[in-house]
Amino acid sequence: MKRLLIVSPHFPPVNAPDMQRVRMSLPFFAEFGWEAHVLAVEPSGHETLEPLLTETVPGHVTVNRVKAMDPAMTRRFGFGNTALRALPFLQSRGADVLRHQAIDLVYFSTTMFLAMPLGRLWKARFGVPYVLDIQDPWLSDYYETHPEVAAPPKYGLARRVNAVLEPWTMKAAGGIIAVSQRYIDTLHARYPWLATRPHATLPFGASSHDFDVLRQHPQTNRHFDPRDGLIHGVYAGRGGDDMAVAADILFRAYQLARTEVPTLFDRVRLHFVGTDYATDARARQTLAPRAAAVGLDGIVDEDPARAPYFEALQMLTDAGFLVVLGSDDSSYSASKVYPYIMANRPLIAIVHDQSPLAAIVRNTRAGAVVTFADADDQATRHQTASNLARRWIALLTGRERPSTDWDAFERYSAREMTRQQCRLFDDVVAMDARSAAA
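Because the structure is a prediction, the values reported are computed rather than measured.

J.: Go over the pattern of salt bridges with me, naming the residues and quoting the values.
T.: If charged atoms from side chains of opposite charge come close, those side chains can pair. Using the criterion set out here, one finds 18 salt bridges in the structure. One salt bridge in this structure joins Arg99 and Asp96, with 3.6 Å as the shortest N-O distance. One end of the pair is Arg99 and the other is Asp96, both in helix H3 (residues 82–100) and 3 residues apart, which spans about a single turn. Residue classification places Arg99 among the partly exposed positions, given a relative accessible area of 44%. A salt bridge links Arg381 to Asp376; the nearest nitrogen and oxygen atoms lie 3.5 Å apart.

Structure (structure tokens):
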């Protein structure tokens, strides 16, 4: 059996989106010929801990944890990034594992991009190939192509650093996995040599085991009472200005539907939870203000603080219906769509017409999908909202019911996603061996 070192600075009990692929894949690596070892940062000092997540990690997996500098101290100097705070410790422990454990491949699965250059350093020192999992754009041009959206305060500095580190790291990468084909295409355009190396577009997997854990450990729903006679719609995931188009279509559709069936839609409430990555007073609302601007402040509420993962699953199962909002960035592929589908509630999705989300919901027949395009004018957006209102009414009146094709959904399972990861790992190791022998 080959040995895999997974670098995932965030790891249970830390509740962070970028560790989900690793967490859901760990039960299946051995089945496909890989013994997984994890390199992670100690959870102490992290703001989003959820101990129940540790019950989903197989007991046989070796987890090497390293310390990190105290964020309370580093923020005085202007940074709190987990990878940067832990970088020297990740380097030291990773080198120690590679020196003593006969590792065949290093796999970076994280949005903590500052950890990824360690792959090239270790490759030069130990000869072990590495694979990068690109869950978000590393060197992003989103704010250059969307000037109407305000960039974060440190965006300029981060982009200059990334413009150096991304090409340097990609130069020696053995393979690439990405959640969006657009990410792969962008990297191939920037670095043509990557096109000759193994690559795969793989969304996060779907874990039915998480719902088993939830049934064993029901969570408190702090946001609504599912027995209060109202119809509660839930969106649990990040917000942001790039969700404005989808949110505006949703709110317009609600107004149209309420006009047509007021007795039904007067009972509808929309809950947006965990819409900001911050967990404290820094969290800001981005969707409720848009609702208030069109007179829906009594219908819509938003709690921007990040919700615990299993609490979010509880809300999905308690909901009368679910809402998926897509970004105006066509490459955006939110992993949250899988638990939405597995919750088996009426589902409405408003996403970019080029987004992988549209294909997933349609292929599995899991709900009603409407799409928007960059070039849409207001008349087109109004028609999209009208179409959504029609489907929404059908779902809530029972004329249309969830009829998910579970056989089609199996292609998105955590086991299948792990199988495809391991196939790419095998290809990378074989290519590296051929290159070394040449």
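J.: Break down the pairing of strand E6 (residues 175–178) for me, with residues and values.
T.: Along any regular strand the residues' side chains alternate between the sheet's two faces. Burial along E6 is two-sided: the face carrying Gly175 and Ile177 and the face carrying Ile176 and Ala178 are both buried. The pairing of strand E5 (residues 130–134) with E6 spans 4 bridges and is classified as parallel. Following the sheet pairing, Asp133 is matched in E6 by Ile177. Pairing analysis gives 3 bridges linking E6 to strand E7 (residues 199–201), with the strands arranged parallel.

J.: Let's hear about the packing of helix H8 (residues 208–216) against helix H12 (residues 309–318): which residues, and what values?
T.: For the pair H8 and H12, the least separation of the axes is 10 Å and the interaxial angle reads 85°. Of the possible angle classes, the one that applies to H8 and H12 is roughly perpendicular. Facing H8, whose interface residues are Asp210, Phe211, Val213 and Leu214, H12 presents Tyr309, Phe310, Leu313, Gln314 and Thr317.

J.: Break down helix H4 (residues 118–126) for me, with residues and values.
T.: Residues that lie three or four places apart on an α-helix share one face, since the helix turns once every 3.6 residues. By the burial criterion, the buried members of H4 are Leu118, Gly119 and Trp122. Within H4, the buried residues cover an arc of 100° as seen down the axis, which keeps them to one side. Residues of H4 that are buried make contact with strand E1 (2–7), strand E2 (34–41), H3, strand E4 (105–109) and E5. Positive phi appears at Gly127, one or two residues downstream of H4, with a value of about 75°.

J.: Residue-level account of the sheet that holds E7, with values.
T.: Reading across from one edge, E3-E2-E1-E4-E5-E6-E7 is the order of the 7 strands in this open sheet, with parallel pairing throughout. Looking at the sheet topology across the chains shown, the edges are occupied by strand E3 (62–66) and E7. Neighbouring strand axes in the sheet, compared pairwise and without regard to direction, differ in orientation by 20° on average. The pairing of E4 with E5 spans 4 bridges and is classified as parallel. Of the residues in E5, the one forming a bridge with Phe108 is Leu132.

J.: A description of unusual backbone geometry should follow, citing residues and the corresponding values.
T.: Residues Pro12 and Pro13 are joined by a peptide bond in cis, for which omega reads 15°. Phi at Ala102 takes a positive value of approximately 50°, unusual for a residue other than glycine. Inspection of the secondary structure assignment puts Ala102 in the loop between H3 and E4. Residue classification places Ala102 among the exposed positions, given a relative accessible area of 58%. Phi angles above zero are rare outside glycine, and Arg365 is one such case at about 55°. Position of Arg365 relative to the elements: it lies in the loop between helix H14 (356–364) and strand E13 (368–372).

J.: Let's hear about the side chain of Arg23: which residues, and what values?
T.: Here Arg23 lies in helix H1 (residues 20–25). Accessibility expressed as a relative area gives 2% for Arg23, which makes it buried. Here Tyr309 takes part through its side chain, which lies 3.5 Å from a polar atom of the side chain of Arg23. Beyond its immediate chain neighbours, meaning those up to four positions away, Arg23 contacts Pro12, Leu53, Thr56, Asp210 and Tyr309.

Conventions used here
- Residues numbered from 1 in each chain as written.
- Predicted model: local features only at pLDDT ≥ 70, side-chain atom pairs only at ≥ 80, totals over all residues.
- Heavy atoms only, no water.
- Salt bridge = Lys/Arg side-chain N within 4 Å of Asp/Glu carboxyl O.
- Helix = DSSP H or I, 4+ residues; strand = E, 2+ residues; numbered from the N terminus.
- Buried < 20%, exposed > 50% of the residue type's maximum accessible area, 1.4 Å probe, protein only.
- Pairing = 2+ DSSP bridges.
- Axes fitted to C-alpha atoms, helices over the stretch in contact; angles between N-to-C directions.
- Parallel < 35°, antiparallel > 145°, perpendicular 65-115°, else oblique.
- Contact = heavy atoms within 4.5 Å.
- Arc of directions from axis to C-beta.
- Polar contact = N/O pair within 3.5 Å; in protein donor to acceptor, adjacent residues only side chain to side chain.

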